[in-house]
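In case you want the letters, here they are:
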Amino acid sequence: MSKIMVVAGEASGDMHATKVIKEIKKLNPDVEFFGFGGQQMKQAGVEILYDPTKLSTIGFAEAIKHLKLMYDKLNQLEEAMKERKPDVVFLVDYSGFNMKVAKRAAKLGIPVVNYFAPSAWVWGKWRAKRMAKYGAKIASVFPMEEKVYRKAGADVEFVGHPLLDMVEPQLSYQEFKEEFKLDLTGKVIGLLPGSRQQELDSLLGPMLEAADIISSHFSITNFILPVAETIDQTKIKEKIKDYKVDVQLVTGHSYEVMEVTDLLLVASGTATLEAACLQTPMVIAYQTSWSTYWLGKLLVKLPFIGLPNIISEKEIVPELLQNEVTGSNLAKEVINILDSERKVNQIKKDLANIKAKLGPKNATKQVARLVLDTGGIVI
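Predicted model, so just to flag it, every value in this text is computed and none were measured.

### Notes on the environment of histidine 217
- Tracing the backbone shows histidine 217 in helix H10 (residues 197–217).
- The spacing of histidine 217 and alanine 128 is 89 residues in sequence and 49 Å in space, taken between C-alpha atoms.
- Once residues within four sequence positions are removed from consideration, histidine 217 is found in contact with Ile335 and Asp339.
- In terms of polar contacts, histidine 217 uses its side chain to reach the side chain of aspartate 339, at 2.9 Å.

### Regarding the packing of aromatic side chains
- According to the stated counting rule, one finds six aromatic pairs in the structure shown.
- When the centroid spacing of 5.5 Å and the interplanar angle of 65° are considered together, the rings of phenylalanine 36 and tyrosine 50 count as edge-to-face. You can see phenylalanine 36 sitting in strand E2 (residues 32–36) and its partner tyrosine 50 sitting in strand E3 (residues 47–50), a full 14 residues away along the chain. Each member of the pair, phenylalanine 36 together with tyrosine 50, is buried.
- Taken together, Phe36, Tyr50, Tyr94 and Phe97 form an aromatic cluster joined through their ring pairs.
- One cation-aromatic arrangement involves lysine 73 over tyrosine 50; the distance from NZ or CZ to the ring centre is 4.2 Å.
- The residue whose ring lies beneath arginine 84 is phenylalanine 34, and the NZ or CZ to ring-centre distance is 4.1 Å.

### Observations regarding a positive patch on the surface
- Judged by side-chain charge, Lys103, Lys107, Arg130 and Lys133 come together as a positively charged surface patch.
- Mapped onto the positive patch, the elements with two or more residues apiece are helix H5 (95–107) and helix H6 (125–133).
- Relative to the assigned elements, lysine 103 resides in helix H5.

### Some points on the sheet that holds strand E4 (residues 88–92)
- Across the sheet, seven strands lie side by side as E3-E2-E1-E4-E5-E6-E7; this open sheet has parallel pairing. Across the chains shown, the open sheet's two edge strands, defined by having one partner strand only, are E3 and strand E7 (155–158). Mean inter-strand twist for the sheet, computed between neighbouring axes without regard to direction, equals 20°.
- Sitting on the sheet, helix H1 (residues 11–27) touches strand E1 (3–8), E2, E4 and strand E5 (112–115), and the angle it makes with E1 is about 160°.

What counts as what
- Residues numbered from 1 in each chain as written.
- Predicted model: local features only at pLDDT ≥ 70, side-chain atom pairs only at ≥ 80, totals over all residues.
- Heavy atoms only, no water.
- Helix = DSSP H or I, 4+ residues; strand = E, 2+ residues; numbered from the N terminus.
- Contact = heavy atoms within 4.5 Å.
- Polar contact = N/O pair within 3.5 Å; in protein donor to acceptor, adjacent residues only side chain to side chain.
- Phe/Tyr/Trp six-rings, centres within 6.5 Å; stacked < 30°, edge-to-face > 60°.
- Buried < 20%, exposed > 50% of the residue type's maximum accessible area, 1.4 Å probe, protein only.
- Lys NZ or Arg CZ within 6 Å of the ring centre and 35° of its normal.
- Patch = residues over 30% accessible without salt bridge, like charges linked within 9 Å, V, L, I, M, F, W, Y side chains within 5 Å.
- Areas by Shrake-Rupley, 256 points an atom, 1.4 Å probe, with all protein chains shown as cover.
- Salt bridge = Lys/Arg side-chain N within 4 Å of Asp/Glu carboxyl O.
- Lys, Arg positive; Asp, Glu negative; His and termini not counted.
- Charge placed at Lys NZ, Arg CZ, Asp CG, Glu CD.
- Pairing = 2+ DSSP bridges.
- Axes fitted to C-alpha atoms, helices over the stretch in contact; angles between N-to-C directions.

Given below as structure tokens:
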């Protein structure tokens, strides 16, 4: 029986790995899977040797704290490779750890496919050279990623971004409006401060302050805030009471919110790319600790922080960083866009170009075939 070792470390990696595993099973139901991952991989039939998704390594201190555990787990994976001899090792995200896994697999002569590879296009082009040295096949999700890895001598295939398959509202405009009893008259603005508590603490206040200012500018303005099912809405409701504006909370359905709104106030991250796929104008906000910010400035040599701007290689949507993130600054950018039909249309046109750059649909299926081909597994 053919065997595939899978290593995914974060919740998002667990999700993307699971989607590929399900596609592989359609092509060859006899493949055996084992490795590191979370609950989604386990439910998909993967033998989980260890679940790293529960670890918190957001800060540098936490990463150092887990260093010994990381090397213990690397040794565990190496022993599993030696004993079980997988046909291919499939690495998903989790770049710091998975680079080391790729190195050990290369020493054992086991082929590697890396999906959501180390972001060498953001910082550390040496990481692309390192993965090329290990002979890893890179399943590239960004056009700039493909360029950097190819230049480094890596074996790379641009598969496109899986978000293109995922960003599809489940409810129609009318269904969404009726289910949540939404008022969608006038200007409709979405507030997406992020799903992590740290993001909510730093960004929700300025966004609500901006909403107060925006609502006094336009004759009719409605605000919608999608809340992840894992978040307790109590604190958010208490926070909203401190402001004059009325904000309608909806549980989940962020894609529907992106689709019905005229503009989004959104935390920097994947949500900005999801909004780009739906061609929804946005203003991006980013706040973190000053130590993390300045370290990032030293390491990251990019002129922008928002993915739409990075992919476009120009500022197509405003982005406000650190002390710039104030209610008045956010409101100014929103009003500046919504007061100009020309600006709105230009942003939508630029976002459509981003969607085209992200490649064709069916990235997950392409990755599944790539993993099987690299491992020499018959379809």
